[in-house]
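Residues per chain, in single letters:
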Amino acid sequence: LRETFAEAVAHDMDIAVVAHLNSWGKVGDWRNNFRFDPLVQYGDYSYQQAVIESIVDALIAAKAPTTRVELSLAGEMGRSVFAHAHSYHEVMRDLRNNDFTSQMNLGISLNFNRVSGELEPTPEQKKQVQELIDVCDFVGLSNYRWFDLPPDAGDFANAVQSFLKEMKAHGATIPEEMPLQFSEIGIGGCTEDG
C-alpha cells in the first residue's frame, strides 16, 4: 500500500480506496454475508486495526497530506454495516478527529442488491444505518446489475434507482445531494442460454 500510494502521490493522482475483506481457505462465503463488528478483535486485531489503520498508515507514509483521498470503510460488506453501523460510525468519528485523515472523504460502499447481506435489520439497526449514512461524504455501490443489449446510460440510472429503492426498504434513505459512486462496475456475463 505504501508503494502504491507513494506512486500515486508522485504522479499527483487522487486516491480512492474501498476497504473490504475476502474469504480464503476453508471459509468460502461472500463478504456481503460476513458477520463481524469492525471494532471487535478477532484473534489479535480488529478490522479497524488491521485494515483501516493499515491504509491510513500507508497514506501517511506516502506523505499525501494534499492528495485528494476517498476512503470507503466497507465495500460489499452489507451485513457487517447494517448489523454494526454504530461501530462504523465510531471508526468514521475517529478518522474525522485525526489531523491527517480529517480532510479525507469518507463513506461506505454496498452491493447493488442484497444491501444488508443476509441480515433483516431491526428498527434500531435501520436507525443506526441512517445515522451512519448521514455523516458519510459519499455512498458507493458495486454495480453488477444486469442490463439489456445493447447497454445504454438508462441501464446505469435503473441500477441506481433500484439500489436507492432497496436501501429505503431497509430503512436507509440516501439524501439527494449525497454523491453516489460506482465502486465497482461489471459489464459482461452471459445470457440465460449461455
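This is a predicted model, so every value here is computed, not measured.

Definitions and cut-offs
- Residues numbered from 1 in each chain as written.
- Predicted model: local features only at pLDDT ≥ 70, side-chain atom pairs only at ≥ 80, totals over all residues.
- Heavy atoms only, no water.
- Salt bridge = Lys/Arg side-chain N within 4 Å of Asp/Glu carboxyl O.
- Helix = DSSP H or I, 4+ residues; strand = E, 2+ residues; numbered from the N terminus.
- Core = buried A, V, L, I, M, F, W, Y, C linked by side-chain atoms within 4.5 Å.
- Buried < 20%, exposed > 50% of the residue type's maximum accessible area, 1.4 Å probe, protein only.
- Contact = heavy atoms within 4.5 Å.
- Polar contact = N/O pair within 3.5 Å; in protein donor to acceptor, adjacent residues only side chain to side chain.
- pLDDT = per-residue confidence, 0-100.
- Phe/Tyr/Trp six-rings, centres within 6.5 Å; stacked < 30°, edge-to-face > 60°.
- Expected span 1.5 Å × (residues − 1).
- Arc of directions from axis to C-beta.
- Bend = angle between axes of the 7 residues up to and from the residue.

1. Focus: the pattern of salt bridges
Applying the stated criterion to the full structure yields seven salt bridges. Across the pair D137 and R96 runs a salt bridge, and its minimum N-O distance is 3.2 Å. On the criterion of sequence distance, the pair formed by D137 in the loop between α5 (123-135) and β4 (138-143) and R96 in helix α4 (residues 85-96) is long-range, its members being 41 residues apart. As a salt-bridge pair, K127 and E131 come within 3.1 Å of each other at their nearest N and O atoms. Here K127 and its partner E131 are both found in helix α5, four residues apart, which amounts to about one turn of the helix.

2. Focus: the nonpolar core
As a rule of thumb, soluble globular proteins bury nonpolar side chains together. Ranked by size, the top nonpolar core spans 46 residues in total, and within it I52, L71, Y88, I133 and M167 carry the most contacts. With seven residues, the top contributor of residues to this core is helix α2 (residues 47-61). Setting aside chain neighbours within four positions, we find I133 in contact with I108, V139, M167, A172, T173, I174, P175 and M178.

3. A closer look at the environment of Y42
You can see Y42 is positioned in the loop between β1 (15-18) and α2. Judged by relative accessible area, which is 45%, Y42 ranks as partly exposed. Those residues within four positions of Y42 in sequence are excluded, and the remaining contacts are R35, F36 and D37. Engagement of the side chain of Y42 in a polar contact is seen with the backbone nitrogen of D37, the distance being 2.9 Å.

4. Comments concerning the confidence of the model for the protein chain
When pLDDT is averaged along the protein chain, the result is 92; 95% of the residues meet or exceed 70. The element-level mean pLDDT for the protein chain is lowest in strand β5 (residues 180-185), coming to 91, with helix α3 (residues 78-83) highest at 98.

5. Structural notes on the packing of aromatic side chains
Under the defined criterion, the tally for this structure stands at four aromatic pairs. A centroid spacing of 6.5 Å and a plane angle of 65 degrees characterise the contact between Y47 and Y88, whose relative ring orientation is edge-to-face. Taken together, the residues Y47 in helix α2 and Y88 in helix α4 connect sequence positions 41 residues apart. The two residues Y47 and Y88 agree in class, both being buried.

6. A word on helix α6 (residues 153-169)
Here α6 contains 17 residues, and its C-alpha end-to-end distance of 25 Å stays within 8% of the 24 Å for a straight helix at 1.5 Å per residue. For α6, the set of buried residues is D155, A159, V160, F163, E166 and M167. The buried residues of α6 occupy an angular sector of 140 degrees when projected down its axis, which confines them to one face. In α6, the exposed residues that point more than 90 degrees away from the buried face are A153, Q161, K165, K168 and A169. Following α6 by one or two positions, G171 has its phi on the positive side, about 85 degrees.

7. Looking at the side chain of N113
Considering the arrangement of structural elements, one finds N113 in the loop between β3 (105-111) and α5. Assessed through its relative accessible area of 17%, N113 is described here as buried. Of note is the side chain of N113, whose polar atom sits 2.8 Å from the side chain of N111. Residues within four places of N113 in sequence aside, it is in contact with N32, W146 and E166.

8. Things to note about α2
The terminal C-alpha atoms of α2, which comprises 15 residues, lie 20 Å apart, in line with the 21 Å expected from a rise of 1.5 Å per residue. Its maximal kink placed at E53, α2 deviates by approximately 35 degrees. Regarding α2, the residues found buried are Y47, Q48, V51, I52, I55, V56, A58 and L59. Next to the buried residues of α2 lie α1 (2-10), β1, β2 (69-75) and α4.

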